[in-house]
Amino acid sequence: MRKEFLAAGRGGQGILLLGHVLGHAVAKYTKFYVTVTESYDAETRGGDSKIDFIIADKPEELDYFKVRNSDVALFMYPEQLVKYERLVKDNAIVFIDNYFIKEVRANRKWLIKEAPYTQIAEEKIGTHVVANMIALGHIIKVTKLVPVEAIIKSIKEVVRKKWIYIDIKAFQKGLTL
Amino acid sequence: MRTEFITTNIAIAEGAIMAGMKFYAGYPITPASDLFEYLAERLPQAGGLTVQFEDEIASINAVIGASWAGAKSMTATSGPGFSLMVEGLGFAIITETPLVVVDIMRAGPSTGVPTKATQSDVYQVRFAPHGIYSIPVLIPWSAQEGFDLAIRAFNIAEALRTPVIILSDAVLAHAWEKVRIKDLTEIKVIDREMPQLKNKNSWLNQKSDLVPPMKVFGRGYGAKVESLIHDERGWYIPNNETYRKLVWRLVRKIEDKARFLWDSVTYLTEDSDYLVYAYGSVARPAYAAVKELRKESIRIGLFRPRTLWPFDYFNLKKASMKVKKVFVVENNEGKIFREVQRHLRGKEVIPLPLIDLEVPPPEDIVDSIREWL
C-alpha cells in the first residue's frame, strides 16, 4: 500500500503545520511509514506553501520523496490549485476551501469535497488561522486515514501550548462537516 | 525503543547522542543549521555540550581538542563550511583523532544554492585534505539511516581512530520521516582503546599494529599530539622509513578493514539484465524508476552503497556479474561513475548525470535509462 497526499495553499494558512500534525500522528500512532517534504517561499505570509505527504505500509515503498499522482489532495487557495492540479490523479478525493476557491476549472474526474474552511474557522471558532485544522478534520472524517484519537494526541504533542485547545476544537468541528 | 517523526538532521543528532557524543561544535550554515539548533537544546540534556564558534575552522579544531580530552565529538556543516574545515580535517587524520563530520551537501561550487541539494561533494569529503590517507564516508538515504549511520560513524571513528564523514544532502536533511530510535540494548557502541597505565610512556602495548591506543589527555599518559610526520612516540622524524610507515598505516588501517566498512544493499537484482548504481537521496527516485521499468518487464535492479568510501567494488562486482549494462545515476556531472567504471572493466558502464536542484524525479531517470536499453 502506498498513498500520496498533497496539500497546498498560501503561506500563513497552516499547510505545513497540518502536514506536521498528520505526519506525527501516522508515524507515532499507526503502523504505517511516512515521508513528508515541505516547500515554502521566503515570505511568512502570502507565498507558496506545499507539503508532499507519502504513506506506506513498508519503508521501501517510500521511494521518491515527492507526490506525483496524489490520491488525496487539499487546496486552500486558487493559485496553488492551478499550479499543482497536475500532481493529483483522476478519481482522487480533493478537498477545497471554497471560501477562497470559487471555481474548480481543472478538467479532471475528481471526487470533490468542499467547504468554506476559512469562513467556518472565523465564524465558529473565532479566528481564520485554524482553517487548517477544520480541513484536517474534514479529511480525516472522509478518508479515515488515521484514527481521530491519534490526531488529537498529535495536536497535543506538536502544537504550541496556547493553540492546543482551539486547534482541537477546530479539528472536531471539521469532523462534523 | 521509541518512534519519532523527525527529519534526517534530527535523526543524525539523536544517533550521535545514542552513540555517546558529548561535544558538538559548529557554525550555522544552511542546510545544517537546524541540526545545530536542535543539539543546542538536546545535547545538554544528555550530559553534553554544544558550542557555537566564530567559524568552521575553530569548530573543527574544538572538536579535535574535545576528542583528545576524551569526549566523543561531532560537527556538521555544508560544502562552503567543509572547505574551511579541510585543514583541520587533515590535522585530525594525521593525529588519528576520532571524530564525526556531517556534511549536508547543497548545490555548489562556492555558496551555490544554499537551500537546494546536489551530490557534488562526493570527492571533496574523500580527497580534500592534502597528503596520503583514507577516510570513511557513510551515506544515508532516509531519516532512519541517518540515525543508524550516525551510530556506525562514531563506532568506526572510535575503533579505527579516524575522522568519519556522514554525507547527507539538503533534501534528506529536511524530509520528515518515521524513525525508530533504538535504545542502548539494541545497538552496539564502541569506545576507543586507551593504553594500559603501567606502560604509560609507551605506545607499544597495542593489540593491533594498525590502530594505536589513544593517550587521552588528563589520564596520566605522556600524550604527544604531532601533525608533523612522527614515529610511535610522537617524535618528528622526517625520513623515508618513518614517513612510509606512518602514511601506509593511515591508509591501511581503513583499507584493510574495508570489508567490515562496506555496507551495500541490492534491490530486485536476482534476475537482472541491467543494474542501476545510485546512492543517498538519488537512490530513492532511482528505486522508483527501477520499479517503473520492471512493470514493462525490463529486468533491472538497484545497487546502493551505504558506505561510499572506501568504495565497495567487491559487492558491486558480485551484483553486476551477470548484467549487460550498469547505469550510474547521480546528481552531479558523473563523479562516482569514474570509480564504478574503473572497477567494472570490460562491462558497459553508462553515466547518467542528472543535475537537479530538487533530486531528479523518477520519470527523468526512466527516460534516461530507456535511451540506452
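The structure we're discussing is the one just above.
Residues numbered from 1 in each chain as written. Chains lettered and ligands numbered in written order. Predicted model: local features only at pLDDT ≥ 70, side-chain atom pairs only at ≥ 80, totals over all residues. Heavy atoms only, no water.

Colleague: Please provide a residue-by-residue account of the overall build of chain B, values included.
Modeller: Counting its regular elements, chain B contains 13 helices and 14 strands. Radius of gyration (C-alpha) of chain B: 21 Å, near the 21 Å computed for a compact globule of 373 residues. Projected onto its principal axes, the C-alpha positions of chain B cover 70 × 45 × 40 Å. The buried share of chain B, reckoned over its 373 residues, is 61%. A separation threshold of at least 6 residues defines the contact pool for chain B, and within that pool the share at least 24 residues apart is 75%. Carbon and sulfur atoms form 54% of the exposed surface of chain B, whose accessible area is close to 14900 Å². (Helix = DSSP H or I, 4+ residues; strand = E, 2+ residues; numbered from the N terminus. Rg over C-alpha atoms; globule rule 2.2 N^0.38 Å. Buried < 20%, exposed > 50% of the residue type's maximum accessible area, 1.4 Å probe, protein only. Contact = heavy atoms within 4.5 Å. Areas by Shrake-Rupley, 256 points an atom, 1.4 Å probe, with all protein chains shown as cover.)

Colleague: Which residues make up the overall build of chain A, and what are the values?
Modeller: If you tally the helices and strands in chain A, you get six helices and six strands. The order of helices and strands in chain A, counted from the N terminus, is β-α-β-β-β-α-β-β-α-α-α-α. The C-alpha atoms of chain A give 15 Å as radius of gyration, which agrees with the globular expectation for 177 residues (16 Å, within 12%). Counting only C-alpha atoms and orienting by the principal axes, one finds that chain A spans roughly 40 × 35 × 35 Å. Here chain A holds 177 residues, and 54% of them are scored as buried. For chain A, contacts bridging at least 24 residues in sequence account for 57% of all contacts bridging at least 6. Split by element, the accessible area of chain A, about 8100 Å² in all, is 50% carbon and sulfur. Side chains of chain A give 28 positive and 22 negative charges; the mean places of these two sets differ by 4 Å. (Lys, Arg positive; Asp, Glu negative; His and termini not counted. Charge placed at Lys NZ, Arg CZ, Asp CG, Glu CD.)

Colleague: Would you mind going over the packing of helix H3 (residues 117–125) of chain A against helix H4 (residues 131–143) of chain A in detail, with residue names and values included?
Modeller: Residue and element names in this part refer to chain A. Packing of H3 against H4 leaves a shortest axis separation of 8 Å and a crossing angle of 110 degrees. In terms of orientation, H3 and H4 fall into the roughly perpendicular class. Crossing of H3 over H4 shows right-handed handedness. Packed against H3, whose contacting residues are Tyr-117, Thr-118, Ile-120, Ala-121 and Ile-125, the element H4 presents Ala-131, Ile-134, Ala-135 and His-138 at the interface. (Axes fitted to C-alpha atoms, helices over the stretch in contact; angles between N-to-C directions. Parallel < 35°, antiparallel > 145°, perpendicular 65-115°, else oblique. Left-handed = near helix turned anticlockwise from the far one by under 90°.)

Colleague: Can you lay out the interface of chain B and chain A for me, pointing to particular residues and giving the numbers?
Modeller: In this assembly, 24 residues from chain B lie in contact with 24 residues from chain A. When the two sides are added together, the surface that chain B and chain A hide from each other amounts to roughly 1900 Å², 59% of it contributed by carbon and sulfur. When the area that chain B buries against chain A is broken down by residue, the three leading residues are B:Phe5, B:Trp176 and B:Lys178, summing to 37%. Counting the contacts that link chain B with chain A gives three salt bridges. Here A:Asp63 makes a salt bridge to B:Lys291, at a shortest N to O gap of 2.8 Å. Counting across the interface, chain B meets chain A through 12 residue pairs in polar contact (both at pLDDT 80 or more). (Buried area = accessible area lost by both parts, 1.4 Å probe. Salt bridge = Lys/Arg side-chain N within 4 Å of Asp/Glu carboxyl O. Polar contact = N/O pair within 3.5 Å; in protein donor to acceptor, adjacent residues only side chain to side chain.)

Colleague: Which residues make up the nonpolar core, and what values go with them?
Modeller: Formed by 50 residues in total, the largest nonpolar core has its most connected members in B:Tyr277, B:Leu308, B:Ile336 and B:Val340. Each residue touching B:Leu308, except ones within four places of it in the same chain, is listed here: B:Val122, B:Val137, B:Ile139, B:Leu167, B:Tyr277, B:Tyr279 and B:Ile336. (Core = buried A, V, L, I, M, F, W, Y, C linked by side-chain atoms within 4.5 Å.)

Colleague: For the pairing of strand E11 (residues 300–305) of chain B, give the residues involved together with the corresponding values.
Modeller: A regular strand places its side chains on the two faces of the sheet in alternate fashion. Residues and elements named next belong to chain B. Within E11, six of the six residues are buried, which leaves it mostly tucked inside the rest of the structure. Burial of E11 is two-sided: the residues Ile-300, Leu-302 and Arg-304 facing one way and the residues Gly-301, Phe-303 and Pro-305 facing the other way are all buried. Relative to E11, strand E9 (residues 264–267) is paired through four bridges, and the arrangement is antiparallel. Its bridge partner being in E11, Thr-266 is matched across the sheet by Phe-303. Strand direction decides the pairing type here: strand E10 (residues 274–277) and E11, joined by four bridges, are parallel. Bridge pairing in E11 places Tyr-277 opposite Phe-303. Read from E10 through helix H10 (residues 283–295) to E11, the crossover connection turns out right-handed. (Pairing = 2+ DSSP bridges. Right-handed = clockwise from strand over helix to strand, strands pointing away.)

Colleague: Which residues make up the pairing of strand E1 (residues 2–10) of chain A, and what values go with them?
Modeller: All names here are of chain A. Both E1 and strand E3 (residues 48–56) contribute to a ladder of nine bridges, which runs antiparallel. When the bridges of E3 are listed, Lys-3 appears paired with Ile-55. When E1 meets strand E4 (residues 70–75), the two strands line up parallel, connected through four bridges. When the bridges of E4 are listed, Ala-8 appears paired with Phe-75.

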